[in-house]
Amino acid sequence: MTMPSFPVRLRGYDRWRVDETVRYLEGTLGRAPLIGPPLTVKDVRAIRFAAIFRGYDRRAVDERLLEYIRELAAHERGPRLPGSVRRVDGLPDAGWLVDWIRQSQFGVTRFRSGYAERDVDAFLDRVVAGMCGAAPPVSARDVRECVFRTVRLGPGYNEPEVDRFLTQLASALEVLDTS
């Protein structure tokens, strides 16, 4: 097992806590012995590290945690089986749309305002859950009316990219509703 290494900065994340979290994540993903209960995407999104003197570079750790979140999301979904997206309320098979939503990626802004990544990710997870029948379906109107918190300093999704994606998603949901 090769643990990721992070650069050390004058002020950064607590190295011991980051290393412990990475060990848990590697164990959860099956690349190392499991040393505790497996972590979920929700658990990883809730992690906060204290800033200390001579800690790990915050940006490098945050970027690696985002990669872990993507891996865990795929791990939690399990292998995609043909026909695993159920028809909901008479909608035709929308597996292609679910795959498109899951594969979406947005640019990240750091010094301009952007949408809170967690809010956008949670909303898209809710849309997918609705399409798979695990939650109430999300309508095109819901997509058009969704509002996300804005992050001014720090990482946030590029607002115009997310807005364009949501416009396309609402249109696709309308097409599914009418077919």
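As a starting point, this report considers the structure included with it. Since we're looking at a predicted model, the values are computed, not measured.

Comments concerning the nonpolar core
Of all hydrophobic cores here, the largest spans 26 residues; its most connected members are Ile101, Phe123, Leu124, Leu166 and Leu169. Contributions of two or more residues to this core are made by helix 4 (95-102), helix 5 (117-131), helix 6 (140-145) and helix 7 (159-178). Among the elements that line this core, the one with the most residues is helix 7, at eight residues. Core analysis: the next-biggest nonpolar cluster, separate from the first, contains 18 residues, Phe6, Leu29, Val41 and Ala60 among them.

Some details on helix 1 (residues 15-28)
Taking 1.5 Å per residue, 14 residues should reach 20 Å; helix 1 reaches 20 Å between its end C-alpha atoms and fits that length. Among all positions of helix 1, only Val18, Thr21, Val22, Leu25, Glu26, Gly27 and Thr28 are buried. Structurally, the start of helix 1 carries an N-cap: the backbone nitrogen of Trp16 is 3.0 Å from a side-chain oxygen of Asp14. Positive phi shows up at Gly30, right after helix 1, with a value of about 85 degrees.

Topic: the pattern of salt bridges
Summed over all chains, the structure comprises 13 salt bridges. Residue Arg45 pairs with Asp121 through a salt bridge whose shortest N-O separation is 3.4 Å. Placement of the pair is Arg45 in helix 2 (residues 41-45) and Asp121 in helix 5, with a sequence separation of 76 residues. Note on accessibility: Arg45 and Asp121 belong to one class, buried. For Asp125, the salt bridge goes to Arg45, with nearest N and O atoms at 3.5 Å. Of this pair, Asp125 sits in helix 5 while Arg45 sits in helix 2, and the two are 80 residues apart along the sequence. You can call Asp125 partly exposed: its relative accessible area is 43%. Each member of the salt-bridge network shares a partner with another, and the members are Glu26, Arg31, Arg64, Glu67 and Glu71.

With respect to helix 5
With 15 residues, helix 5 should cover 21 Å at 1.5 Å per step; its first-to-last C-alpha distance of 21 Å lies within 8% of that length. Positioned one or two residues after helix 5, Gly133 has a phi angle of 85 degrees, which is positive.

Quick notes on the layout of surface pockets
Its boundaries defined by the atoms lining it, the second largest pocket holds a volume of some 720 Å³. Together, 23 residues line the second largest pocket, and Tyr13, Asp62, Glu117, Arg118 and Pro155 are the ones closest to its centre. Those elements that provide at least two residues to the lining of the second largest pocket are helix 2, helix 3 (58-77), helix 5 and strand 5 (150-151). Here the lining of the second largest pocket is built from residues that sort into ten nonpolar, two polar and eleven charged.

What about the packing of helix 4 against helix 5?
It is at 10 Å that the axes of helix 4 and helix 5 come closest, and there the two elements cross at 165 degrees. What the angle tells us is that helix 4 and helix 5 run roughly antiparallel. By crossing handedness, the relation of helix 4 to helix 5 is classed as left-handed. Contacts between helix 4 and helix 5 involve Leu97, Val98, Ile101 and Arg102 on the former and, on the latter, Leu124, Val127, Val128 and Met131. Each residue belonging to the contact of helix 4 with helix 5 can be placed in one class, and the counts come to seven nonpolar, no polar and one charged.

Calculation rules
Residues numbered from 1 in each chain as written. Predicted model: local features only at pLDDT ≥ 70, side-chain atom pairs only at ≥ 80, totals over all residues. Heavy atoms only, no water. Core = buried A, V, L, I, M, F, W, Y, C linked by side-chain atoms within 4.5 Å. Buried < 20%, exposed > 50% of the residue type's maximum accessible area, 1.4 Å probe, protein only. Helix = DSSP H or I, 4+ residues; strand = E, 2+ residues; numbered from the N terminus. Expected span 1.5 Å × (residues − 1). Polar contact = N/O pair within 3.5 Å; in protein donor to acceptor, adjacent residues only side chain to side chain. Salt bridge = Lys/Arg side-chain N within 4 Å of Asp/Glu carboxyl O. 1 Å grid on protein atoms, 1.4 Å probe; cavity = no way out; pocket = protein on both sides within 12 Å on 5 of 7 lines; lining within 4 Å. Points joined across faces, edges and corners; volume = space filled by probe spheres on them. Nonpolar A, V, L, I, M, F, W, Y, C, P; charged D, E, K, R; others polar. Axes fitted to C-alpha atoms, helices over the stretch in contact; angles between N-to-C directions. Parallel < 35°, antiparallel > 145°, perpendicular 65-115°, else oblique. Left-handed = near helix turned anticlockwise from the far one by under 90°. Contact = heavy atoms within 4.5 Å.

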